[in-house]
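Observations on chain architecture
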Amino acid sequence: MIQVELVVFVVAAAACLAGAVGVVLSENPVHAALSLVGTLFGIAVLFVAQEAHFLAAVQVIVYAGAIVVLFLFVLMLLGVDRVEDLRVEPLVGQRVAAAVLALGILALTAGALASTGYEVTGVAGEIDEAVPDVYRLGESLFTDYVYALEITSVLLVIAVVAAILLARPARGGEIVDPGQEERAEQVTARMAAAEARADGDQSGGEDRDGGAGAGMAARTAGDVPASEEVDQ
Amino acid sequence: MIAALEVTPAWYLVLGALLFSIGAFGLLVRRNPLVMFMCVELMLNAVTLTFVTFSRMLEDTGGQSVVVFVLVVAAAEVVVGLAIIVALLRKRPHATADDVALLEG
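Owing to the predicted nature of the structure, the values given are computational and were not obtained by experimental measurement.

This brings us to the overall build of chain A. Along the backbone of chain A there are eight helices and zero strands. Walking chain A from its N terminus toward its C terminus, one meets helices and strands in the order α-α-α-α-α-α-α-α. The long-range share in chain A, meaning contacts at least 24 apart out of those at least 6 apart in sequence, stands at 54%.

For the rest of this paragraph, the subject is the overall build of chain B. The helix and strand tally for chain B stands at three helices and zero strands. Within chain B, residue pairs in contact and separated by at least 24 positions form 46% of the contacts whose partners lie at least 6 positions apart.

Each partner contributes to the interface: chain A provides 71 residues, whereas chain B provides 65 residues. Elements with a contribution of two residues or more to the side of chain A that touches chain B: helix 1 (2–25), helix 2 (29–49), helix 3 (53–78), helix 4 (94–115), helix 5 (133–143) and helix 6 (146–167) of chain A. At 12 residues, the largest contribution of residues to the side of chain A that touches chain B is made by helix 1 of chain A. Residues that form the side of chain A that touches chain B fall into these classes: 55 nonpolar, nine polar and seven charged.

With that settled, the discussion passes to the packing of helix 3 of chain A against helix 3 (residues 62–91) of chain B. Axis separation between helix 3 of chain A and helix 3 of chain B bottoms out at 11 Å; the angle between their running directions is 5 degrees. Accordingly, the angle class assigned to the pair helix 3 of chain A and helix 3 of chain B is roughly parallel. Between helix 3 of chain A, through L55, V58, V62, A66, I67, L70, V74 and L78 of chain A, and helix 3 of chain B, the contact on the second element is made entirely by Q64, V67, L71, A75, V78, L82, I85, V86 and L89 of chain B. Partitioning the contact of helix 3 of chain A with helix 3 of chain B into residue classes produces 16 nonpolar, one polar and no charged.

Even without being glycine, E51 of chain A reaches a positive phi, approximately 65 degrees. Within the element layout of this structure, E51 of chain A appears in the loop between helix 2 and helix 3. Judged by C-beta crowding, with 16 C-beta atoms within 10 Å, E51 of chain A ranks as partly exposed. Positive phi outside glycine occurs at E59 of chain B, with the angle close to 55 degrees. Of note, E59 of chain B is situated in the loop between helix 2 (33–58) and helix 3.

The subject of this paragraph is the confidence of the model for chain B. Averaged over every residue, the pLDDT of chain B is 85; the share at 70 or more is 89%. Listed scores for the predicted complex are pTM 0.76 and ipTM 0.88.

In this section: the packing of helix 2 of chain A against helix 3 of chain A. All names here are of chain A. Viewed as axis vectors pointing N to C, helix 2 and helix 3 meet at an angle of 175 degrees, and their least axial separation amounts to 8 Å. Considering their axes alone, helix 2 and helix 3 lie roughly antiparallel with respect to each other. Note on element contacts: helix 3 touches helix 2 through H53, L55, A56, Q59, V60, Y63, A64, V68, F71, L72 and L75, opposite P29, V30, A33, L36, V37, L40, F41, I43, A44, F47 and V48. Residues that form the contact of helix 2 with helix 3 fall into these classes: 20 nonpolar, two polar and no charged.

Turning to the confidence of the model for chain A, a few remarks are in order. Overall, the prediction assigns chain A a mean pLDDT of 80, with 78% of residues at 70 or greater. Of the regions scoring below 50 in pLDDT, residues 205–232 of chain A engages in 23 contacts with residues more than four places distant in sequence or in other chains.

The end-to-end C-alpha distance of helix 4 of chain A, which contains 22 residues, comes to 31 Å, matching closely the 32 Å that a straight helix rising 1.5 Å per residue would cover. One or two residues past the end of helix 4 of chain A sits G117 of chain A, with phi positive at roughly 70 degrees.

In this section: the nonpolar core. Inside soluble globular proteins, nonpolar side chains tend to come together where they are buried. Grouped together as the largest cluster of nonpolar side chains are 59 residues, with contacts concentrated most on C16, V23 and F47 of chain A together with L19, L34, M38 and L42 of chain B. When residues of this core are traced back to their parent elements, those giving at least two are helix 1, helix 2 and helix 3 of chain A together with helix 1 (9–29), helix 2 and helix 3 of chain B. No other element matches the 12 residues that helix 2 of chain B contributes to this core. Not counting chain neighbours up to four residues away, the residues in contact with M38 of chain B comprise V23, A32, A33, L36 and F71 of chain A.

Attention now goes to helix 2 of chain B. Residues and elements named next belong to chain B. In a regular helix each residue adds 1.5 Å, so 26 residues correspond to 38 Å; helix 2 covers 38 Å between its end C-alpha atoms and thus fits that length. The element helix 2 is extensively covered by neighbouring structure, given that 20 of its 26 residues are classed as buried. Immediately downstream of helix 2, the backbone of E59 shows phi near 55 degrees, a positive value.

Right, let's get into the environment of R31 of chain B. Positionally, R31 of chain B belongs in the loop between helix 1 and helix 2. For R31 of chain B, a count of 17 C-beta atoms within 10 Å translates into the label partly exposed. Here the alpha-carbon distance between R31 of chain B and A97 of chain B, two residues 66 residues apart in the chain, equals 5.2 Å. Those residues in contact with R31 of chain B that sit more than four places away from it in its chain are E84 and P90 of chain A together with T96, A97 and D98 of chain B.

Rules of the game
- Residues numbered from 1 in each chain as written.
- Chains lettered and ligands numbered in written order.
- Predicted model: local features only at pLDDT ≥ 70, side-chain atom pairs only at ≥ 80, totals over all residues.
- Helix = DSSP H or I, 4+ residues; strand = E, 2+ residues; numbered from the N terminus.
- Contact = placed C-beta atoms within 7 Å.
- Nonpolar A, V, L, I, M, F, W, Y, C, P; charged D, E, K, R; others polar.
- Axes fitted to C-alpha atoms, helices over the stretch in contact; angles between N-to-C directions.
- Parallel < 35°, antiparallel > 145°, perpendicular 65-115°, else oblique.
- Buried ≥ 20, exposed ≤ 12 C-beta atoms within 10 Å, placed from the backbone.
- pLDDT = per-residue confidence, 0-100.
- Expected span 1.5 Å × (residues − 1).
- Core = buried A, V, L, I, M, F, W, Y, C linked by C-beta atoms within 7 Å.

As structure tokens, this is what we get:
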């Protein structure tokens, strides 16, 4: 049994670390997103190894399923999957400083862990192993953390509203109809031609030309407000 | 020899610390705002792993409940952050993190 847990831990931890390094070192953002999936799956496996089955499922669904897809969606939508040249260091000394800081964080956390002798102190809860973790989690969320849960739902609503407000194009001309000017020119030319024809055929088919001109005018009138609507 | 090695919760905690450090390094080094966001996700995941480990060590479900909230907050953060990035990159394509300074004032 011990070997099984060891193998699971080693494989999952390797996936996590390889994915994390991949995120940091990938020149292409799409590759970074895919590496992130590797890390997230590794974490999900480690959740399963620690008897947090529900969280493992949520991890895969929410993170790998939703958040990474959102990342890829933005990448594809904006076409920013441009390869970044990582050999150039834009700020001299930035990487060294960042490495020192990251190692400092690692030393601090690992040192704090080591100083405790890898033992936790505190009020131990009582987990009834017979009860599945989903039941325990649900009970905890809807009793001890019920206010936090409700506030979280408000947070989600606020986030959705904020996202819509931020990502919406600005009022008045963010989205430009590319063919608008061309179409306007065509309409003007057609109207001029119709007028010229009407002038020339004053005596003859006034009825027909007048009808066509009115139709043209109506279509033009319909055109302009429609394109203005697109603008707003 | 391998059989003698037992996976203790400390291993998970050290792994969490490593992931957090890698994420912090990437956040400081990378300049593409989207990749920086992914590094933030790495750091958040390291923290959730630590929470679950502590939950197991203390035999308390509270740690797992916190992870649920971290997940929700991470989702909200990604939604708002990506909306900001979309708004930014629409104005200036291929913007790096340095260009975000233009949003000031």
